[in-house]
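Spelled out from the first residue to the last, the chains are:
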Amino acid sequence: MGETVGEVTLGLAEQLATDLPELSPDEFAIPQAETALVCGMGGSAICGDLAVVLAAEKGYRLDVHRDYGLPGWAKKGRPLVLAVSYSGNTEETISAAKKALRLSLPIVAITSGGALGTLAEGEGIPILPVPTGREPRTAFGFILRRLVFGLAAAGIVTVGDDDFSEAVQITSEILRPGSASWNLADDLAQAIGARVGVIYASTGLTAPVAQRWKTQINENAKQAAWVSLLPELDHNEVVGWSALREITRSHLAIVSLRDHGEHEAVARRFAHTRSLLEDQVIWAGEVWSQGESALARMLSLLAIGDLVSLGLARYTGTDPEPIEQIEYLKRKLRVDGD
Ligand code: PA5
């Protein structure tokens, strides 16, 4: 029997630490780029969201495109396109890669094979291969490592070996059963319980991690979850908690993702927002990032979110593995499209 989703999820640090000896930049014709576009969906796209933060640190523009085709600006903007699909069979991502080919844009594929792998081989597109045989969301570390490699080769991000080492060291400690972070994640999972998890984060470094928390809670625990970002939520959502207090107090729990690099005004907003809403919703708690580099800080929060999603599954007796609805829709669309 293969490893469970839970077991593979706990292998994040090992995935990040995996050497990429076969992926020397000299062997891959990845051109220097001024801008890049990560095309992918779900568990494959989320790495792109983290990479946006890394590119911004270096002053580069990176967007994530979760749709068919390409955004209108791609024709003139001529980004490097990174088509990321773990299975290689996600139709939106294949559509994006085909559109990029029609526009003669530089493309790199990150995949374990499938139709995207076949397309890339046929068209001479460089492939950064990902190990096969997993659920896409459990290959996060493998995909991120390759995405950063591709973007670094294009000059869009700079992530030093030290940053990766720090991220590996911090995430392996967090994911060690019985660690302080492990226990924190357990407490958070109990506090959220069978409620809808609302993840509050701030624009920038914690926002992409909040999205991963949401999707991991959705897929591993089969529970609803949503993300809201400061400062924006202070301009609308805070009003929306008042009318249905009976429902919000019993069925929603907020977790805040915090980072020591967040804007000082955002830090104040977290405090005032919490005191404003404390009567109207349950606060499950807050989690602070660990580490120095942006990569380590993001991945530390991400690892705790992964644990929370698995903890929720455990408390509700849910098997993290199946994602029947996603597979049903993929099958249905494939049939309809034929
Ligand atoms: O978690 C999942 O399984 C999904 O979100 C998939 O990642 C998504 O459907 C895209 O599939 P793939 O990652 O194989 O391109």
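Everything here concerns the structure above.
Residues numbered from 1 in each chain as written. Predicted model: local features only at pLDDT ≥ 70, side-chain atom pairs only at ≥ 80, totals over all residues. Heavy atoms only, no water.

Engineer: Can you break down the pattern of salt bridges residue by residue, with the values?
Structural biologist: Going through the model one piece at a time under the given rule, you end up with 13 salt bridges. In this structure, Asp234 and Arg269 form a salt bridge, with 2.9 Å as the shortest nitrogen-oxygen distance. Residue Asp234 is located in the loop between strand E7 (225–230) and helix H11 (237–240), and its partner Arg269 is located in helix H13 (residues 264–277); the two are separated by 35 residues in the primary sequence. Arg274 is the partner of Glu278 in a salt bridge, and the nearest nitrogen-oxygen pair spans 3.1 Å. Here Arg274 falls in the partly exposed class, since its relative accessible area comes to 27%. (Salt bridge = Lys/Arg side-chain N within 4 Å of Asp/Glu carboxyl O. Helix = DSSP H or I, 4+ residues; strand = E, 2+ residues; numbered from the N terminus. Buried < 20%, exposed > 50% of the residue type's maximum accessible area, 1.4 Å probe, protein only.)

Engineer: Quick rundown of the sheet that holds strand E4 (residues 107–111)? Include the residues and the values.
Structural biologist: With parallel pairing, five strands are arranged side by side in an open sheet as E2-E1-E3-E4-E5. Unpaired on one side and paired on the other, strand E2 (61–65) and strand E5 (127–129) mark the two borders of the sheet. Sheet twist, expressed as the mean angle between neighbouring strand axes with direction ignored, is 20°. The pairing of strand E1 (residues 35–39) with E2 spans five bridges and is classified as parallel. Within E2, the residue paired with Cys39 across the bridge is His65. Its contacts with the sheet put helix H3 (residues 42–57) on E1, E2 and strand E3 (80–85), and the angle it makes with E2 is roughly 165°. In the packing of helix H5 (residues 91–102) onto the sheet, contacts are made with E1, E3 and E4, and the angle to E3 comes to roughly 155°. (Pairing = 2+ DSSP bridges. Axes fitted to C-alpha atoms, helices over the stretch in contact; angles between N-to-C directions. Contact = heavy atoms within 4.5 Å.)

Engineer: A description of the packing of H5 against helix H6 (residues 114–123) should follow, citing residues and the corresponding values.
Structural biologist: Contact geometry of H5 with H6 gives a least axis separation of 10 Å together with a crossing angle of 15°. Between H5 and H6, the interaxial angle falls into the category roughly parallel. The way H5 lies across H6 gives a crossing that is left-handed. Where H5 approaches H6, its residues Ile94, Ala97, Lys98 and Leu101 are matched on the opposing element by Ala115, Leu116, Leu119 and Glu123. (Parallel < 35°, antiparallel > 145°, perpendicular 65-115°, else oblique. Left-handed = near helix turned anticlockwise from the far one by under 90°.)

Engineer: Explain the packing of aromatic side chains residue by residue, including any values.
Structural biologist: Taken as a whole, this structure holds one aromatic pair when the rule is applied. Between Tyr200 and Trp283 the ring centres are 6.0 Å apart and the planes differ by 80°, which places this aromatic pair in the edge-to-face class. Of the two residues, Tyr200 is situated in strand E6 (residues 196–202) and Trp283 in strand E9 (residues 282–288); the sequence distance between them amounts to 83 residues. The burial state of Tyr200 is the same as that of Trp283; both residues are buried. One residue, Arg61, lies across the ring of Trp73, its end atom 5.9 Å from the ring centre. A cation sits over an aromatic face here: Arg314 above Tyr315, 5.7 Å from the ring centre. (Phe/Tyr/Trp six-rings, centres within 6.5 Å; stacked < 30°, edge-to-face > 60°. Lys NZ or Arg CZ within 6 Å of the ring centre and 35° of its normal.)

Engineer: Explain the nonpolar core residue by residue, including any values.
Structural biologist: One finds Trp213 and Leu257 to be the most contacted residues of the largest nonpolar core, which totals 75 residues. Sorting elements by how many residues they give to this core places helix H14 (residues 294–316) first, with 12 residues. A domain split of this core shows at least three residues from each of domain 1 (5–159) and domain 2 (178–315). When residues no more than four places from it in sequence are discounted, the contact partners of Leu257 are Ile199, Tyr200, Ala201, Thr206, Val209, Ala210, Trp213, Phe270, Val287 and Leu301. Among the nonpolar cores identified, the runner-up in size contains 18 residues, and Cys39, Ala74, Val81 and Ala97 belong to it. (Core = buried A, V, L, I, M, F, W, Y, C linked by side-chain atoms within 4.5 Å. Domains from an automatic or database assignment.)

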